[in-house]
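# Notes for the structure review
What follows is the residue order along each chain.
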Amino acid sequence: MTRNPRRDLLAGLTVAIVALPLALGFGVSSGLGAEAGLATAVIAGALAAVFGGSNLQVSGPTGAMTVVLVPIVAQYGPGGVLTVGLLAGGMLLALALLKTGKYMQYVPAPVVEGFTLGIACVIGLQQLPNALGVAQPEGERILVVSYRAVEEFVRTPNWTALGLALGVAALMLVGARRRPTIPFSIIAVILATLVAQLFHLKGAAPIGDLPSGLPAPSLGFLDPAAVSSLLAPAVAVAALAALESLLSATVADGMTVGQKHDPDRELFGQGIANLAAPLFGGVPATAAIARTAVNVRSGAGSRLAALTHAAVLAAIVFAAAPLVSKIPLAALAGVLLATAIRMVEVGSLRAMARATRSDAVILVLTAVATLALDLVYAVIIGLLVAGALALRAVAKQARLEEVDFIADLPGGHSEEERELLAEHIVAYRIDGPVFFAAAHRFLLELSEVADVRVVILRMSRVTTIDATGALVLKDAVEKLNRRGIVVMTSGIRAGQRQVLDSTGALRLLRLEGREYATTPEAIAGARAYLRGAGLLPTVPAQPSGTAQLSGTAQLSGTAQPSAKAQPSGTAHEEASR
């Protein structure tokens, strides 16, 4: 923090100016009031900066967290939100100690993009009552509440509130495009407040009185008996805080050179922040992607910037509470409407939609689930669908292909013998993973193979095999054996022997020495078996000798050539195998 303090101090001041209206808006939107948003930005912002795993993260109240908190406030009141924050903080600490931060990298990009799109829609819909200047309608589902707000506005229009909200949103969006370095959010809010005060606009309800300072630490939580009913919401809050914080840290790393966050320490910092913020009347917090991006773009290089942001907001709480209390609710609604619009990266959505059909399905499904259900459920659904589609794609890579084994025959065979071998032997090569999602499909084809006497399975290209694949393979071999078809294998990898052995498939494949290291060896074994069964002619002895080697004798090892009678090269090869 001592390398370039001036740059960090300026970056922190810039972020504080951007964060002020957002903290107020998210506090109001959560149902606990603007003071809760400010307390969260100050307490969580400072503690997460000190204990977190990123040098550039800026934490505080966020729109995604607000979406989760609204139904909790409606059902349990402020005490429920504070209790949930405390429980979620403990869960985040547990996740940090268990070193689960590294698993964030396994969340697919379409799930993240769909999640962000859904959150943006929910944040925008949440602002409709304040933007339209109507009382907050009853209901838990955001779509129902939004519809009722529009109905109320149609009956009693409030054009003042709507004009302020749209004016603030328009100034922010247009200004950010033309002069991205200027904090148009605070400029828009100041202008809207001045217009409302100077012209005494009716219908521009202000935030209301704010305490001039942070509340003293308190324990205004729910009765311990009611805590069990809040475990599920606490899990949702903790999961969202972990997901959004680690995603934000990853984005911050990508915007800089040489910065690398510690995911487990980041979870620890967020856990500390969420344990402390509720004690001061704050709401559960998480790292904020928008504020973190402003911090990076403003030239921040250390944690001093995030600490400065928290200190500036604390000064505003103590020195400017009367002024802040006059900000119209409609102006804050406009800030959040613009924020929701800017959250949607059209280019990223277009890229995901064009990538593959599976990516498009995952993105749309996650967004719709976020809007219609619950944020955590949406992520779980997105992950499950992404996992299922990924398994489907991997399973398609598994193939059972009949291959020509004649090329692997050693020399010295007549055309007639090659034709006889082709009549009685068929070789299959198994490519890819043999696991539960793929095994049944192609091993069913194996068990229904045409009438032959020997099936050679070339398994050197099997990438992985699980218990289901081993059991299905065993079942297919047993079905072939019952039909009188001998199964021989080649190229089984050392790493796959354990699962084959545990299911009994390896013992079956080794039956009577039918497992071979290479395909030529397996073909030689098949040829010896066919000779022993009388389906191939036996190899005649050389003219210089008198001993005759039958195929059966070669297999059993009962007949030995005399010293003068040497077997041919092929016969010698068969005898050695």
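As shown above, the structure is provided for reference.
My aim in this report is to walk through the structure given alongside it, one point at a time. (Residues numbered from 1 in each chain as written. Predicted model: local features only at pLDDT ≥ 70, side-chain atom pairs only at ≥ 80, totals over all residues. Heavy atoms only, no water.)

Attention now moves to a nonpolar patch on the surface. A grouping of L171, I182, I187, I190, L191, L194, V195, L198 and F199 is seen on the molecular surface, where their side chains present a nonpolar patch of about 780 Å² in accessible area. The biggest single contributor to the nonpolar patch is helix α9 (residues 184–198), with six residues. Mapping L198 onto the fold places it in helix α9. (Patch = residues over 30% accessible without salt bridge, like charges linked within 9 Å, V, L, I, M, F, W, Y side chains within 5 Å. Areas by Shrake-Rupley, 256 points an atom, 1.4 Å probe, with all protein chains shown as cover. Salt bridge = Lys/Arg side-chain N within 4 Å of Asp/Glu carboxyl O. Helix = DSSP H or I, 4+ residues; strand = E, 2+ residues; numbered from the N terminus.)

Ranked by internal contacts, the top residues of the largest apolar core, which has 91 residues, are L24, L313 and I327. Among residues more than four places away in sequence, those in contact with L24 are A34, L38, I207, V324, I327 and L332. One finds V426, I430, L457 and A505 within the second-largest nonpolar core, a separate group that totals 27 residues. (Core = buried A, V, L, I, M, F, W, Y, C linked by side-chain atoms within 4.5 Å. Buried < 20%, exposed > 50% of the residue type's maximum accessible area, 1.4 Å probe, protein only. Contact = heavy atoms within 4.5 Å.)

It is the contact of helix α4 (residues 78–97) with helix α11 (residues 231–254), at a shortest axis distance of 8 Å, that shows an interaxial angle of 55°. In terms of their interaxial angle, α4 and α11 are classed as oblique. The hand of the α4/α11 crossing is right-handed. Residues V84, L87, A88, M91, L92 and L95 of α4 pack against L231, P233, A234, V235, V237, A238, A241 and A242 of α11. (Axes fitted to C-alpha atoms, helices over the stretch in contact; angles between N-to-C directions. Parallel < 35°, antiparallel > 145°, perpendicular 65-115°, else oblique. Left-handed = near helix turned anticlockwise from the far one by under 90°.)

Although it is not a glycine, K99 adopts a positive phi angle of roughly 55°. For K99, the location among the structural elements is in the loop between α4 and α5 (109–126). Given the relative accessible area of 53%, K99 is considered exposed.

By the element assignment, I123 lies in helix α5. Residue class for I123 comes out buried when judged on its relative accessible area of 2%. Note: C-alpha distance between I123 and T66 (57 residues apart in sequence) is 8.2 Å. Sequence-distant contacts of I123, that is, excluding residues within four places in its chain, are made with G63, A64, V67, L336, A340 and M343.

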